[in-house]
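So the chains spell out like this:
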Amino acid sequence: MSDTTISQGWFTSLANPTRFLALSGRVLPYLATAAVLSLVVGLYMSFAAPEDYQQGMTVRIMFIHVPAAWLAMMCYSVMAIASIGTLVWRHPLADVAAKTALPIGAAFTFLSLLTGSLWGRPMWGTWWVWDARLTSVFVLFLMYLGLMALHKAMDDPARAARPAAVLTLVGFINIPIIKFSVEWWNTLHQPASVIRLDGPTIHPTMLYPLLVMAVAYTLIFFTLHLMAMRNEILRRRVQTMRRQAAQAIGGA
Amino acid sequence: MMSHEAFVFLSYGATALTLGALLLGIVADGRARRRELAELEAQGVRRRSKPAGGAN
């Protein structure tokens, strides 16, 4: 048996919800501990970092605003990959993964908009402008809400899975638009200063706290996502058992 | 006009509240689902795919 066969077999074995519940139950305590530890270290570093010579202490908003914005886009990317899993491989957990990432992604997008607004008011003199970056992130927030509404509108998760997957993939076009909006258009929002071809332009005293907070946010996302996926599997299990019980009563 | 400190603490406070509410919601949802499953199993309802006497 080749290595490829073994890894494929391991991957497809995760498609079994019962096996996924067992594996995620073992991983979750470690993931949650790592998330809490990295968050504590990240917060300490964020408040120990020097104040910016122009922005003063408001630069500390960057340590929660930027990771929230990254996670808003990463969460949608995870949903897009899961949607391919739903449409192409019909992986049983793909739809569960895409659906349960929605409220988490919406929360990170909301936080990115809110903290951006709270940072913009003292620095730009305004809470909001309809520039390309802010508007495209607002569209992302609306897409999260729209997809959540689509799932709510259909009682049967199996019926909602495919249209939601198609809509998610169509909406993925917004992710590169968000990323490159500050380069393609003239925006009040500053250009990228971390993920750049010529390297970060932030001083290490501010870059390291930012990166640690980004790691913490990523671990928080995966912890919450795994927990929500486990809940959704149990929800579908309850629905199936209730249907079976009703059929048994009807048959008798 | 609020002080700069107020903007920073509002940002961190809102983030803590939002992520805390998300965590609490997910934990509460999980408890509710496990309670429903336990009630169904107490009523003798079993999943067809579940092996007899199995722990899954």
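Analysis parameters
- Every chain's residues receive numbers from 1 upward, in the order its sequence appears when written.
- Going through the entries in the order they are written, you letter the chains from A and number the ligands from 1.
- Restriction of local features to residues with pLDDT of at least 70 applies here, the model being predicted, together with a cutoff of 80 or more for giving and counting side-chain atom pairs; totals for whole chains, interfaces and linings are based on all residues.
- Numbering of helices and strands runs from the N terminus; a helix is a DSSP stretch of H or I covering at least four residues, while a strand is a stretch of E covering at least two.
- With C-beta atoms placed from the backbone, a residue is buried if 20 or more other C-beta atoms are within 10 Å of its own, exposed if 12 or fewer are, and partly exposed between those counts.
- Any two residues are considered in contact once their C-beta atoms, placed from the backbone, lie within 7 Å.
- Charged means Asp, Glu, Lys or Arg here, nonpolar means Ala, Val, Leu, Ile, Met, Phe, Trp, Tyr, Cys or Pro, and polar covers whatever is left, Gly included.
- Think of each axis as a best-fit line through the C-alpha atoms, taken over the contacting stretch in the case of a helix, with angles from 0 to 180 degrees between the N-to-C directions.
- Our angle categories are set so that under 35 degrees counts as roughly parallel, over 145 as roughly antiparallel, 65 to 115 as roughly perpendicular, and the remainder as oblique.
- Two helices that cross are described as forming a left-handed crossing if the nearer one is turned anticlockwise from the farther one by less than a right angle, and a right-handed crossing if clockwise.
- Between the first and last residue of a helix there are one fewer steps than residues, each counted as 1.5 Å, and that sum is the expected span.
- In plain words, the nonpolar core is the set of buried Ala, Val, Leu, Ile, Met, Phe, Trp, Tyr and Cys residues that C-beta atoms within 7 Å link up.
- Across the chain, each position has a pLDDT score giving the predictor's confidence in that residue, from 0 to 100.

Student: I'd like a description of the overall build of chain A, backed by residues and values.
Tutor: Counting its secondary structure elements, chain A contains eight helices and zero strands. When the helices and strands of chain A are listed from N to C terminus, the series reads α-α-α-α-α-α-α-α. For the C-alpha atoms alone, the extent of chain A along its principal axes is close to 75 × 35 × 35 Å.

Student: Run through the overall build of chain B, naming residues and quoting values.
Tutor: Helix and strand counts for chain B come out as one helix and zero strands. Counting all 56 residues of chain B, 11% fall into the buried class.

Student: Tell me about the environment of Asn174 of chain A, and name the residues and values.
Tutor: Residue and element names in this part refer to chain A. As for its placement among the helices and strands, Asn174 is situated in helix H7 (residues 174–184). With 18 C-beta atoms packed within 10 Å, Asn174 lands in the partly exposed category. When the C-alpha positions of Asn174 and Leu113 are compared, they lie 16 Å apart, and in sequence the two are 61 residues distant. Setting aside its immediate chain neighbours within four residues, Asn174 contacts Ser136, Val139, Leu140 and Met143.

Student: I'd like a description of the interface of chain A and chain B, backed by residues and values.
Tutor: At the interface, 32 residues of chain A touch 25 residues of chain B. Every element with two or more residues in the side of chain A that touches chain B is listed here: helix H4 (92–124) and helix H8 (204–251) of chain A. If one sorts the elements of the side of chain A that touches chain B by residue count, H8 of chain A sits on top with 14 residues. Across the side of chain A that touches chain B, the residue classes tally to 20 nonpolar, seven polar and five charged.

Student: So what about the packing of helix H3 (residues 62–89) of chain A against H4 of chain A? Which residues, and what values?
Tutor: Residue and element names in this part refer to chain A. As a packed pair, H3 and H4 sit with axes 8 Å apart at the nearest point and diverge in direction by 160 degrees. It follows that H3 is roughly antiparallel to H4 by the angle criterion. Here H3 runs over H4; the crossing is left-handed. Considering only residue class, the contact of H3 with H4 consists of 18 nonpolar, nine polar and one charged.

Student: Hey, could you go over H3 of chain A for me, with residue numbers and the actual values?
Tutor: End to end, H3 of chain A covers 39 Å across 28 residues, agreeing with the expected 40 Å (1.5 Å per residue, within 8%). Directly beyond the C-terminal end of H3 of chain A, a positive phi value near 50 degrees is found at Arg90 of chain A.

Student: Any details on the nonpolar core? Residues and values, ideally.
Tutor: Counting 63 residues, the largest nonpolar core has Ala72 and Cys75 of chain A as its most contacted members. When contributions to this core are tallied by element, the ones reaching two or more residues are helix H2 (17–48), H3, H4, helix H5 (132–153), helix H6 (157–171) and H8 of chain A together with helix H1 (4–42) of chain B.

Student: Run through the environment of Met62 of chain A, naming residues and quoting values.
Tutor: Within the secondary structure layout, Met62 of chain A lies in helix H3. C-alpha separation for the pair Met62 of chain A and Met206 of chain A, spaced 144 residues apart in sequence, amounts to 9.2 Å.

Student: An account of the confidence of the model for chain B is requested, with residue identities and associated values reported.
Tutor: Averaged over chain B, the pLDDT score is 86; the fraction of residues at 70 or greater is 82%. Prediction confidence for the complex, expressed as pTM and ipTM, is 0.90 and 0.88 respectively.

Student: If you had to explain unusual backbone geometry to someone new, which residues and values would you point to?
Tutor: Although it is not a glycine, Arg90 of chain A sits at a positive phi angle of roughly 50 degrees. Relative to the elements of secondary structure, Arg90 of chain A occurs in the loop between H3 and H4.

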